[in-house]
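Overview (structure and organization)
Listed below, chain by chain, are the residues.
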Amino acid sequence: MDSIAVVGGGLVGSMAACFLARKGYHVDVYEMRDDPRTQEQVVGKSINMALSERGRSALRSLGLETQILENYSIKMFARLIHDVSGRKRAIPYGTNRDQYLLSISRRYLNELMLTEVEKFNNISVNFRHKLVGANLDEGKMTFLLDDDKQRQRHQKADIIIGCDGAFSSVRRAMVKLIRFNYSQQYIEHGYIELSIPPRAADGQYAMEVNYLHIWPRGSFMMIALPNLDHSFTVTLFMPFRYYESILDRNDLLNFFKQYFPDSIPLIGEEELVKVFFANSPQPLISIKCQPYNYLDKVLLMGDAAHAMVPFFGQGMNCGFEDCLILDELLTANNNNLRKVLPVYSDQRLGNCHTIIDLAMDNYVEMRDLVNSRTFLVRKQLDRLLNWVFPRHWIPLYSMVTFTRIPYQQCIQDRRWQDRVIARCQTVSIVTFLCTFLYVTYRTGKLNLLHDHLVLNFQ
Ligand code: FAD
Ligand code: EGU
């Protein structure tokens with residue numbers, strides 16, 4: 001059987017390794033960082049994230065869903081929108097309590113996956129291995145072991161799976177070999193993570209727990225997800241030029257007093273100032289590439305294949321679904337991975353490009369309309385129609401978040417819904433105008449109109 005190298009032991013790499021090992025393949029995982037379980041705090045990436053159906057179904061397939069659901073995540077049944085005056089409004093994700101997102105710690109999930117990886121005796125994990133070069137035709141890889149000593153290690157595999165994130169080295173090696181398409185886009189916004197600690201008085205959550213908290217402010221926004229330790233992780237998304245205009249403690253506190261006043265006592269003035277100025281805003285990038293395979297030798301999965309902006313909460317979910325789809329294709333193709341690679345790429349490309357676009361649409365929508373009426377009206381209209389036609393009218397975010405309907409099909413359904421709404425609008429406007437004209441004509445209030453019509457008909 002072919003030997004497999006998985007480059008990147010993040011969320012998607014460790015999950016891919018489990019699925020492939022379950023099929024009987026021997027898998028070597030190479031991860032440039034140290035084992036997170038031996039470390040104090042993992043810096044950088046967001047601390048908690050929203051897990052939904054696509055990610056859950058992959059975890060379910062590995063038998064990991066139940067423990068996450070019961071012990072290691074927090075259900076978020078609705079968004080809780082905070083306005084500038086501190087008023088809060090809930091908009092549920094579903095019509096009853098059956099639809100919710102799970103807030104889960106990135107670190108916990110990563111450690112859970114690595115512990116799962118270790119249960120397979122046909123997987124070996126190599127930490128502190130940074131891929132620095134590869135000959136993809138021969139399956140040869142060069143790893144940097146120790147940053148100081150420049151120690152290198154050469155390894156070989158029949159098939160290489162690149163799960164090494166948005167700045168993938170495996171992907172870089174593919175660019176030169178085939179007609180590889182690539183595009184990337186940094187958005188104007190960067191993010192900073194803050195924290196709302198448990199309430200000092202009783203150690204309880206300082207805000208309503210089972211919600212995704214949102215502070216939409218038009219050109220920028222803040223969101224907060226609950227953690228198991230009774231804290232919340234708050235993420236501020238804002239254009240870089242705004243960050244650049246906040247230079248000192250005064251600027252920052254004035255800014256928060258103006259736009260997020262209710263959050264100041266929750267975060268704590270001192271902590272807010274400390275954390276804000278100790279961290280620089282992180283960029284957000286969206287990446288599309290094509291194809292995902294190199295012949296029958298290499299495959300890109302997760303962010304390495306499709307980095308997206310986080311405004312649909314789908315990056316990890318999509319990466320987990322990648323693993324499940326590869327597994328399903330293997331089952332359907334006699335577990336012949338070489339044969340499956342190009343099939344996977346063809347099948348997955350359109351769907352991934354669609355969710356990358358949808359995430360960017362949400363970014364634009366968030367930037368331009370979250371505050372405005374149209375967004376809320378459409379959300380409520382969707383809810384109403386979904387309540388009336390639960391099986392036939394599923395809002396776009398529901399299809400994306402709570403089903404495994406391929407992303408491409410989700411937007412086809414959405415286009416159909418948009419057409420229905422547009423037609424209803426036309427019909428109601430026309431009906432309204434006709435009624436208006438008829439009534440004014442009959443009541444004779446508009447004699448001018450009467451005369452005009454009579455004259456014209458004679
Ligand atoms: P990564 O998590 O980036 O892992 C890649 C791994 O490869 C890392 O461990 C890295 O050390 C390793 N690596 C990199 N280069 C090399 C190399 N050369 N050699 C060896 N190893 C290497 N998604 C959701 O589904 N829900 C959310 O709520 C959500 N919120 C988000 C919020 C923010 C602010 C951001 C930025 C992202 C969010 N995402 C969310 C997206 C999610 O974080 C990513 O989609 C997910 O982490 C991708 O996993 P990955 O394993 O493909 O890549
Ligand atoms: C951003 C950062 C709320 C986790 C889009 C909703 C997100 C998440 C939304 C992050 C928003 C925005 C949707 C889901 C989800 C909402 C969604 C965004 C999880 C339109 C940890 N977004 N996110 N839309 O509807 O469909 O609640 O970092 F703030 S889950 Cl920007 Cl459904």
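Predicted model, so just to flag it, every value in this text is computed and none were measured. (Residues numbered from 1 in each chain as written. Chains lettered and ligands numbered in written order. Predicted model: local features only at pLDDT ≥ 70, side-chain atom pairs only at ≥ 80, totals over all residues. Heavy atoms only, no water.)

Quick look at the packing of aromatic side chains now. Within this structure, the stated rule accounts for 21 aromatic pairs. Between Phe 240 and Tyr 243, the ring centres sit 6.2 Å apart and the planes meet at 55°, which makes this aromatic pair tilted. In this pair, Phe 240 and Tyr 243 are both assigned in helix α6 (residues 240-245), three residues apart and thus about one turn of the helix distant. Between Phe 255 and Phe 256 the ring centres are 5.8 Å apart and the planes differ by 75°, which places this aromatic pair in the edge-to-face class. This pair shows no difference in class: Phe 255 is buried, exactly as Phe 256 is. Here the aromatic residues Phe 220, Tyr 242, Phe 255, Phe 256, Tyr 259 and Phe 260 are joined through ring pairs into a cluster of three or more. The ring of Tyr 407 has Arg 54 sitting right over it, with the charged end atom 4.1 Å from the ring centre. Above the plane of the ring of Tyr 100 lies Lys 75, whose end atom (NZ or CZ) is 5.4 Å from the centre. (Phe/Tyr/Trp six-rings, centres within 6.5 Å; stacked < 30°, edge-to-face > 60°. Helix = DSSP H or I, 4+ residues; strand = E, 2+ residues; numbered from the N terminus. Buried < 20%, exposed > 50% of the residue type's maximum accessible area, 1.4 Å probe, protein only. Lys NZ or Arg CZ within 6 Å of the ring centre and 35° of its normal.)

Reading across the sheet, the six strands line up as β8-β2-β1-β12-β19-β18 and stay open at both edges, with mixed pairing between neighbours. The open sheet is flanked by β8 (123-126) and β18 (293-294), the only strands paired with a single partner. Where strand β1 (residues 3-7) meets strand β2 (residues 26-30), five bridges bridge the pair, whose relative direction is parallel. Counted as the bridge partner of Ile 4 is Val 27 from β2. (Pairing = 2+ DSSP bridges.)

A few words on the nonpolar core. Soluble globular proteins tend to bury their nonpolar side chains together. If you look at the biggest cluster of nonpolar residues, it comprises 104 residues, and the most contacted ones within it are Val 27 and Met 301. At 13 residues, helix α11 (residues 337-369) tops the list of elements feeding residues into this core. Setting aside residues no more than four positions away along its own chain, Met 301 makes contact with Val 12, Ala 16, Ile 161, Gly 162, Cys 163, Asp 322, Cys 323, Leu 326 and Tyr 344. In this structure, Phe 220, Met 238, Ile 264 and Ile 267 belong to the second largest nonpolar core, which totals 26 residues. (Core = buried A, V, L, I, M, F, W, Y, C linked by side-chain atoms within 4.5 Å. Contact = heavy atoms within 4.5 Å.)

Here the focus is unusual backbone geometry. That bond from Gln 290 to Pro 291 is cis: its omega, -5°, falls within 30 degrees of zero. Within the secondary structure, Pro 291 sits in the loop between β17 (282-290) and β18. For His 230, which is not glycine, the phi dihedral falls at a positive 75°. When you line up the elements, His 230 lands in the loop between β15 (221-226) and β16 (232-239). One non-glycine residue, Asn 334, lies in positive phi territory at about 60°. Here Asn 334 is to be found in the loop between α10 (315-332) and α11. Note on Asn 334: relative accessible area 73%, which makes it exposed.

A word on the site of ligand 1. Around ligand 1 lies a shell of 30 residues, among which Glu 31, Ala 50, Arg 106, Leu 131 and Asp 303 are the nearest. Between ligand 1 and the protein, one listed contact pairs an oxygen atom with a side-chain N or O atom of Glu 31 at 2.6 Å. Residue Arg 33 places a side-chain N or O atom 3.3 Å away from an oxygen atom belonging to ligand 1. Within the complex, 90% of the 1,000 Å² of free accessible area of ligand 1 lies under protein. Of all the secondary structure elements, the ones that give two or more residues to the shell around ligand 1 are α1 (11-22), β3 (48-51), β9 (130-135) and α10. If one sorts the elements of the shell around ligand 1 by residue count, α10 sits on top with three residues. Residue composition of the shell around ligand 1, by class: twelve nonpolar, eleven polar and seven charged. (Near = heavy atom within 4 Å. Polar contact = N/O pair within 3.5 Å; in protein donor to acceptor, adjacent residues only side chain to side chain. Areas by Shrake-Rupley, 256 points an atom, 1.4 Å probe, with all protein chains shown as cover. Nonpolar A, V, L, I, M, F, W, Y, C, P; charged D, E, K, R; others polar.)

Below, the discussion takes up a nonpolar patch on the surface. Nonpolar side chains collect at one region of the surface, where Leu 381, Leu 384, Trp 387, Val 388 and Phe 389 lie side by side and expose about 520 Å² of accessible area between them. Relative to the assigned elements, Leu 384 resides in helix α12 (residues 373-388). (Patch = residues over 30% accessible without salt bridge, like charges linked within 9 Å, V, L, I, M, F, W, Y side chains within 5 Å. Salt bridge = Lys/Arg side-chain N within 4 Å of Asp/Glu carboxyl O.)

This part is about the site of ligand 2. Looking at ligand 2, there are 17 residues lining it, with Arg 79, Tyr 93, Ile 223, Pro 310 and Phe 312 nearest. Here Tyr 93 contributes a side-chain N or O atom positioned 2.6 Å from an oxygen atom of ligand 2. Among the secondary structure elements, those contributing two or more residues to the shell around ligand 2 are β3, β14 (211-216), β15 and α13 (396-402). Grouping the amino acids of the shell around ligand 2 by side-chain chemistry returns twelve nonpolar, four polar and one charged.

Here we come to helix α2 (residues 53-61). Burial analysis of α2 places seven of its nine residues in the buried class, which makes it a mostly covered element. Within α2, burial applies to Glu 53, Arg 54, Gly 55, Arg 56, Ser 57, Ala 58 and Leu 59. After α2 finishes, the residue Gly 63 shows a positive phi value of roughly 75°.

What follows deals with the sheet that holds strand β4 (residues 74-76). As summarised here, the arrangement of the three strands in space is β3-β7-β4, forming an open sheet in which the pairing is antiparallel. The sheet terminates laterally at β3 and β4, the two strands that pair on one side only. Each strand axis lies, on average, 35° off the axis of its neighbour in the sheet, ignoring direction. Across three bridges, β4 lies against strand β7 (residues 101-105) in antiparallel orientation. Each residue of the ladder has a partner; that of Ile 74, found in β7, is Ser 103. (Axes fitted to C-alpha atoms, helices over the stretch in contact; angles between N-to-C directions.)

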